[in-house]
Amino acid sequence: MNIGIAGTGYVGLVTGVCLSEAGHHVTCLDVSPEKIALMKSGKSPIYEPGLEEMMQRNQAAGRLTFTTEKTEAYRGKDILFIAVGTPEGENGHADLSFVKKVAEEIGDTIQDDAIVVTKSTVPVGTNDQVEAIIRERAASNIQVHAVSNPEFLREGNAIHDSFHGDRIVIGGHHQPAVDKVAECFSSFGIPIVKTDTKSAELIKYASNAFLATKISFINEIANICELTGANVEEVAEGMGLDKRIGSQFLKAGIGFGGSCFPKDTKALTTMSAEAGYEFRMLNAVLEVNELQHNKLLEKADAENAIEKGVKAAVLGLAFKPNTDDTRESPAIRLIEELQNRGADIIAYDPIATEKMKEVFPDLTYTDSLETALQDAETAFIITDWAQIKETDPSYFKEKMKRPVIFDGRNCFTVSDMKKHGIDYHSIGRG
Ligand SMILES: NC(=O)c1ccc[n+]([C@@H]2O[C@H](COP(=O)([O-])OP(=O)(O)OC[C@H]3O[C@@H](n4cnc5c(N)ncnc54)[C@H](O)[C@@H]3O)[C@@H](O)[C@H]2O)c1
């Protein structure tokens, strides 16, 4: 099929690359000329394992092109995908301005009937709005069908998830359009759930909110463990063996971040409130997460570990490993608080330092763990990168001036760290 995609971020670019890998001809559009120029030269603007190689292969095969020209991306295509951002807007609403702009641009550009698929995470009813906007602006003889196809990929595993995801959800009210979108993904061999538009839109929010709930739940259990002497890892293992519960997303830590869970849980509470329903449990999930982001700081304060001028290493800036995405990373709050307390901060991440420079341009950064740890008086582990969690505990002892570690991801066993003489504080393990 001939496919056009609006937006070449984490979702749009991965979708474009994977659809071209599946044999489709894909044209990716972005408003950023810098990004398009970079991709034309074979470089990915985001870090995602395996993405750049697959992108180059499909560019060379002539199945994948990049453009800033709307006519090139939107005309003569079997399917158009919208994959632009829907960041947190006012009062927790999803900001739909980018999606609506794309809908206007599609309406102004198309000359033939169009199937327009929204991959962006959007509140219930948005696809109907997208369809109405396009219809209003396109010529009256043009048929437009909006289809919802929310994305479930995980950053850091995006290529794998695109080809081996648990399900593909396709929602729409025009069956031939839904079938056409299903056909586009048919070679992926992933179970396809066909449903109505509104249910598809809500499946995405409900899924993210449920996962966020699991995280806040286990974090509260971790807090109870700290007060009672139980060990959250043992508790999670014992719980997770029950198939009704499942073992995934039961890892205690300093809370969820990233560009999806925080904004999507907020958007769902807002959406619910506007529909006349108070989503009490989800409000609590968000509150618990806020408190959890402060956990390491509370522990450090209890130990008087952050005096003015103390050399503090922040280990990991990305909101999770294998991505350069720092949006809503717990590292942001921690760095702000360390700055407020006058700490001498050095921030380490193997990949994400450039993205964090957009938030803290004047911070000292390094992509060397050794440089970060050298003479540090305290270290905060924020991201469980392999480079961090596979470090031998003796290395911390050897490099740091004062081996005091606050680990927000439980990367090490308490007994190992103790054996190496490290003053080690983690989550929910006494
Ligand atoms: N990042 C994830 O892991 C993930 C997973 C599932 C769903 N989602 C959802 O997918 C959507 C996209 O997320 P993302 O992380 O890829 O966003 P992103 O911010 O990384 O990328 C959005 C891209 O759209 C481009 N853009 C903006 N306006 C445009 C326009 N008019 N025409 C063409 N391009 C335009 C931007 O320049 C940017 O490159 C969001 O709704 C998000 O919630 C994200």
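Bear in mind that the values here come from a model prediction, so they are computed numbers and not experimental data.

## With respect to the overall build of the chain
For step 1, the next point in the chain: Regarding its fold elements, the chain presents 19 helices and 14 strands.
For step 2, the next point in the chain: On C-alpha atoms alone, the chain measures out to a radius of gyration of 23 Å, which is about the 22 Å that the 2.2 N^0.38 rule sets for 430 residues.
For step 3, the next point in the chain: Considering only C-alpha atoms, the chain reaches an extent of 75 × 50 × 40 Å along its principal axes.
For step 4, the next point in the chain: Counted over contacts in the chain with a minimum sequence separation of 6, partners at least 24 positions apart contribute 72%.
For step 5, the next point in the chain: As displayed, the chain offers around 18800 Å² of accessible surface, 50% of which is attributable to carbon and sulfur atoms.
For step 6, the next point in the chain: For the chain, the distance from the average position of its 45 positive side-chain charges to the average position of its 64 negative side-chain charges is 2 Å.

## Concerning the site of the ligand
For step 1, the next point in the chain: Near the ligand you find 26 residues, and of these Asp30, Lys35, Thr86, Glu155 and Lys263 are the closest.
For step 2, the next point in the chain: At 3.2 Å, a side-chain N or O of Glu105 approaches a nitrogen atom of the ligand.
For step 3, the next point in the chain: Lys263 is positioned with one of its side-chain polar atoms (N or O) 2.6 Å from an oxygen atom of the ligand.
For step 4, the next point in the chain: About the coverage of the ligand: the protein hides 89% of its 840 Å² of free accessible area.
For step 5, the next point in the chain: Of all the elements, helix α5 (residues 97–109) adds the most residues to the shell around the ligand, at 3 residues.
For step 6, the next point in the chain: In terms of residue class, the shell around the ligand is built from 10 nonpolar, 8 polar and 8 charged.
For step 7, the next point in the chain: Viewed by domain, the shell around the ligand spans two of them, domain 1 (2–195) and domain 2 (204–290), each represented by three or more residues.

## Here's the deal with the domain arrangement of the chain
For step 1, the next point in the chain: Each assigned domain of the chain is listed here: domain 1 (2–195), domain 2 (204–290) and domain 3 (295–425).
For step 2, the next point in the chain: For the pair domain 2 and domain 3, the two sides together bury roughly 1200 Å², of which 44% comes from carbon and sulfur.
For step 3, the next point in the chain: The interface formed by domain 2 and domain 3 holds 2 salt bridges in total.
For step 4, the next point in the chain: Residue Glu226 pairs with Lys299 through a salt bridge whose shortest N-O separation is 2.8 Å.
For step 5, the next point in the chain: Counting the contacts that link domain 2 with domain 3 gives 6 residue pairs in polar contact (both at pLDDT 80 or more).

## Details of the pattern of salt bridges
For step 1, the next point in the chain: Counted according to the given criterion, the structure contains 24 salt bridges.
For step 2, the next point in the chain: The partner of Asp161 in a salt bridge is Arg154, with the nearest N and O atoms 2.7 Å apart.
For step 3, the next point in the chain: Assessed through its relative accessible area of 37%, Arg154 is described here as partly exposed.
For step 4, the next point in the chain: Residues Lys419 and Asp416 are paired through a salt bridge, measuring 3.4 Å at the closest nitrogen-oxygen approach. Of the two residues, Lys419 and Asp416 both sit in helix α19 (residues 414–419), 3 residues apart, roughly one turn of that helix.
For step 5, the next point in the chain: Judged by relative accessible area, Lys419 falls into the exposed class, the value being 65%.

## Some words on unusual backbone geometry
For step 1, the next point in the chain: Despite not being glycine, Asn304 has its phi angle at roughly 50 degrees, a positive value.
For step 2, the next point in the chain: By relative accessible area, Asn304 is classed as exposed at 59%.
For step 3, the next point in the chain: One non-glycine residue with positive phi stands out, namely Asn322, at about 65 degrees.
For step 4, the next point in the chain: Structurally, Asn322 can be placed in the loop between β9 (311–315) and α14 (330–340).
For step 5, the next point in the chain: You can call Asn322 partly exposed: its relative accessible area is 34%.

## Description of the environment of Asp196
For step 1, the next point in the chain: In this fold, Asp196 is placed in the loop between β8 (192–195) and α9 (197–228).
For step 2, the next point in the chain: Residues Asp196 and Gly4, spaced 192 residues apart in sequence, show a C-alpha to C-alpha distance of 23 Å.
For step 3, the next point in the chain: Not counting the four nearest positions on each side in its chain, Asp196 is found in contact with Gly171 and Gly172.
For step 4, the next point in the chain: A polar side-chain atom of Asp196 sits 3.3 Å from the main-chain amide nitrogen of Lys198.

Parameters and conventions
Residues numbered from 1 in each chain as written. Predicted model: local features only at pLDDT ≥ 70, side-chain atom pairs only at ≥ 80, totals over all residues. Heavy atoms only, no water. Helix = DSSP H or I, 4+ residues; strand = E, 2+ residues; numbered from the N terminus. Rg over C-alpha atoms; globule rule 2.2 N^0.38 Å. Contact = heavy atoms within 4.5 Å. Areas by Shrake-Rupley, 256 points an atom, 1.4 Å probe, with all protein chains shown as cover. Lys, Arg positive; Asp, Glu negative; His and termini not counted. Charge placed at Lys NZ, Arg CZ, Asp CG, Glu CD. Near = heavy atom within 4 Å. Polar contact = N/O pair within 3.5 Å; in protein donor to acceptor, adjacent residues only side chain to side chain. Nonpolar A, V, L, I, M, F, W, Y, C, P; charged D, E, K, R; others polar. Domains from an automatic or database assignment. Buried area = accessible area lost by both parts, 1.4 Å probe. Salt bridge = Lys/Arg side-chain N within 4 Å of Asp/Glu carboxyl O. Buried < 20%, exposed > 50% of the residue type's maximum accessible area, 1.4 Å probe, protein only.

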